[in-house]
Amino acid sequence: MMNLTPSIHDFWFLPLGGCGEIGMNMNLYGHNGQWLMVDCGVTFEKSPQGQDRTYSADPSFIASRKDSLCGLVITHAHQDHIGAVANLWPQLRCPVYTTPFTAFILRAKLRELGIEQNVPIHEVPVNAKVNIGPFALTWFLQTHSIPEPCALIIETHLGRVFHTADWKLDPNPVIGQPFNQQAFEHLGQKGCDVVVCDSTNATIAGHSISEAEVGRNLVKTIKPLKGRVLVTCFGSNVARLVSITRAAKKCGRYVGVIGRSMQLMINAAKTTGYWPDDLPLADARHLGYLPKEEVLILTTGSQGEPRASLARMAKQTHPFLELDPDDTVIFSAKTIPGNEDAVAKLTSQLKLRKVDIIHAQTSSLCLHASGHPCQDELQKVYTWLKPRCVIPVHGEQQHMQANANIAKQAGTKYTLTGKNGDLFTLAPIRSVKKGVTPERRFEIV
Ligand SMILES: [Zn+2]
Ligand SMILES: [Zn+2]
């Protein structure tokens with residue numbers, strides 16, 4: 001039996017979730033008797049009976065060593081990175097470090113569960129440098145599909161790890177800063193031993209589409225429309241919400257929001273300074289009284305979720321609004337695999353109301369952009385960082401393998417691949433020890 005306490009001569013990486021799957025990220029770094037957790041997310045899945053289920057990775061490994069857990073860092077506010085914190089924190093009881101937008105979202109969830117006062121949240125700026133236990137951390141702002149997506153530079157005397165979290169290279173992300181090539185190159189010059197990297201789109205050739213391009217296409221799409229326009233997208237993509245609101249302004253429409261989760265994201269964006277002052281929003285309760293051609297509604301439910309606002313409007317059971325035959329619903333989101341039936345059901349209900357539908361997946365203009373790097377972006381970043389070793393995560397096996405191949409082609413000498421529960425030794429000698437802790441998941445209720 002291996003001793004699973006890292007010594008001062010060890011630098012370890014142990015993923016408990018998100019390595020071999022897309023979802024429920026939970027990563028551990030170990031050094032000098034202590035562990036640092038990076039992200040604590042959930043996965044949504046349908047049961048065979050079609051019920052929605054929420055899972056997190058099993059935290060037993062670290063919960064049983066919680067005295068050696070020096071902190072939890074949340075890289076960004078997507079559910080697959082933040083979604084399990086409120087439920088699992090009572091088993092972890094460590095300080096939580098994150099940036100202001102993400103902290104706002106986390107506090108809302110903690111408040112819901114009545115434990116906001118218990119959890120010590122250290123709010124840090126997007127370029128923070130903080131020592132947590134034996135780890136020196138530097139936050140590194142990325143571009144993705146939510147405000148404040150942060151990579152982490154994690155250093156010990158044994159080496160420097162760049163933990164990318166979720167990212168793309170967006171030259172015009174609509175809100176926040178464009179990606180910073182110099183910052184990557186600077187890190188490469190200082191020396192980057194290991195990159196732990198997002199593999200979501202590693203099987204896709206080319207470069208991801210910029211949020212700004214989606215914004216321009218939204219204006220072209222909305223301009224000729226008569227009647228009301230409803231646009232549904234992922235509520236956490238605040239840049240998209242800004243683009244849609246700006247497109248509406250250009251087309252002479254007032255914008256209101258119908259959907260609680262989307263409203264929370266907008267409140268977070270306003271509080272933390274990401275929502276532009278020149279884009280006021282109307283009270284959704286008044287939208288039904290305005291001339292139809294002056295209305296655009298931002299709403300939740302792009303995945304056909306039966307309890308979301310769009311599904312309720314399709315069934316004419318929403319208190320704020322009744323849809324009319326000349327209204328148009330734009331889906332500015334891709335359909336996540338597994339949700340096809342739910343989306344098909346929703347669109348057929350909308351068609352019964354004779355509402356026009358424009359879907360990102362069939363529209364000639366691109367109305368959705370992924371937040372993850374395609375092959376060209378991975379290749380570029382590996383060229384800038386010149387890491388000695390790449391560890392692909394945040395993907396299924398084929399995505400991680402594709403990512404490892406790109407790293408090798410970009411000149412990376414070593415790649416380490418494994419899955420949840422495997423112990424990656426980063427120093428002194430690179431290795432992967434299979435299954436040091438069982439890969440398990442928990443249902444969260
Ligand atoms: Zn993610
Ligand atoms: Zn993400």
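It should be emphasised that the depicted structure is a prediction, and the values quoted were computed from it without experimental measurement.

### Quick word on the overall build of the protein
- From N to C terminus, the protein includes 12 helices and 23 strands.
- Over its C-alpha atoms the protein spans a radius of gyration of 22 Å, differing by no more than 12% from the 22 Å that the globule rule assigns to 445 residues.
- Seen along its three principal axes, the alpha-carbon backbone of the protein occupies a region of about 70 × 45 × 40 Å.
- When each of the 445 residues of the protein is scored for burial, the buried share is 50%.
- Taking the intrachain contacts of the protein between residues at least 6 apart in sequence as the baseline, contacts between residues at least 24 apart amount to 74%.

### Thoughts on helix 10 (residues 340–352)
- With 13 residues, helix 10 should reach 18 Å at 1.5 Å per residue; the first-to-last C-alpha distance of 18 Å fits that figure.
- Within helix 10, the full set of buried residues consists of Ala342, Val343, Leu346 and Leu350. Taken down its axis, helix 10 places every buried residue within 95° of arc, on the same side. Helix 10 presents Asp341, Ala344, Ser348 and Leu352 as exposed residues on the side facing more than 90 degrees away from its buried surface.
- The elements touched by buried residues of helix 10 are helix 9 (309–314), strand 17 (328–331) and strand 18 (356–359).
- Positive phi shows up at Lys354, right after helix 10, with a value of about 60°.

### Quick notes on the domain arrangement of the protein
- With domains assigned, the protein is organised as domain 1 (11–206 + 371–444) and domain 2 (211–359).
- Here the C-alpha centroids of domain 1 and domain 2 sit 31 Å apart.
- At the junction of the two partners, domain 1 supplies 16 residues and domain 2 supplies 16 residues.
- It is helix 4 (residues 100–112) that contributes the most residues to the side of domain 1 that touches domain 2, five residues altogether.
- Its residues assigned to classes, the side of domain 1 that touches domain 2 comprises 11 nonpolar, three polar and two charged.

### Re the sheet that holds strand 21 (residues 423–427)
- Taking strand neighbours across the sheet as the criterion, the eight strands line up as 8-7-6-3-2-1-21-22 in an open arrangement whose pairing is mixed. With partners counted over all chains shown, the strands left at the sheet margins are strand 8 (121–123) and strand 22 (431–433), one partner each. For this sheet the average axis-to-axis angle between neighbouring strands, irrespective of direction, equals 25°.
- Bridge analysis of strand 1 (residues 11–17) against strand 2 (residues 26–31) gives five bridges, and the strand direction is antiparallel.

### Some details on the nonpolar core
- With 128 residues, the main nonpolar core has Tyr29, Leu36, Met37, Val85, Leu152 and Val238 as its most contacted residues.
- The biggest single contributor to this core is helix 7 (residues 238–250), with seven residues.
- Two domains each put at least three residues into this core: domain 1 (11–206 + 371–444) and domain 2 (211–359).
- Filtering out sequence-adjacent residues up to four positions away, Leu152 remains in contact with Val38, Val73, Thr75, Leu137, Trp139, Phe140 and His163.

### Description of the environment of Cys19
- The residue Cys19 is located in the loop between strand 1 and strand 2 in this model.
- Judged by local crowding, Cys19 falls into the buried class, with 30 C-beta atoms found within 10 Å.

### Section: unusual backbone geometry
- Pro428 follows Ala427 through a cis peptide bond whose omega is 10°.
- Mapping Pro428 onto the fold places it in the loop between strand 21 and strand 22.
- With a phi angle near 55°, Glu148 is a residue other than glycine that sits in the positive phi range.
- Tracing the backbone shows Glu148 in the loop between strand 10 (135–141) and strand 11 (150–156).
- Phi at His394 takes a positive value of approximately 50°, unusual for a residue other than glycine.
- Turning to its location among the elements, His394 is positioned in the loop between strand 19 (389–393) and helix 12 (397–409).
- Note on His394: 30 C-beta atoms within 10 Å, which makes it buried.

### Some points on the packing of helix 11 (residues 375–385) against helix 12
- Viewed as axis vectors pointing N to C, helix 11 and helix 12 meet at an angle of 45°, and their least axial separation amounts to 9 Å. Looking at the two axes, helix 11 sits oblique to helix 12. The way helix 11 lies across helix 12 gives a crossing that is right-handed. Across the interface between the two elements, Gln375, Leu378, Gln379 and Tyr382 of helix 11 pack against Asn403, Ile406, Ala407 and Gln409 of helix 12.
- Tallied by class, residues from the contact of helix 11 with helix 12 come to four nonpolar, four polar and no charged.

### Quick look at helix 4
- Here helix 4 is 13 residues long and its end C-alpha atoms lie 19 Å apart, about the 18 Å a rise of 1.5 Å per residue gives.
- Within the span of helix 4, buried status applies to Phe101, Thr102, Ala103, Phe104, Ile105 and Leu106.
- Here the buried face of helix 4 lies against helix 2 (79–82), helix 3 (85–92), strand 7 (96–98), strand 8 and helix 8 (260–271).
- Taken from the residues just after helix 4, Gly114 is the one with a positive phi, measuring 75°.

Thresholds applied
- Residues numbered from 1 in each chain as written.
- Chains lettered and ligands numbered in written order.
- Predicted model: local features only at pLDDT ≥ 70, side-chain atom pairs only at ≥ 80, totals over all residues.
- Helix = DSSP H or I, 4+ residues; strand = E, 2+ residues; numbered from the N terminus.
- Rg over C-alpha atoms; globule rule 2.2 N^0.38 Å.
- Buried ≥ 20, exposed ≤ 12 C-beta atoms within 10 Å, placed from the backbone.
- Contact = placed C-beta atoms within 7 Å.
- Expected span 1.5 Å × (residues − 1).
- Arc of directions from axis to C-beta.
- Domains from an automatic or database assignment.
- Nonpolar A, V, L, I, M, F, W, Y, C, P; charged D, E, K, R; others polar.
- Pairing = 2+ DSSP bridges.
- Axes fitted to C-alpha atoms, helices over the stretch in contact; angles between N-to-C directions.
- Core = buried A, V, L, I, M, F, W, Y, C linked by C-beta atoms within 7 Å.
- Parallel < 35°, antiparallel > 145°, perpendicular 65-115°, else oblique.
- Left-handed = near helix turned anticlockwise from the far one by under 90°.

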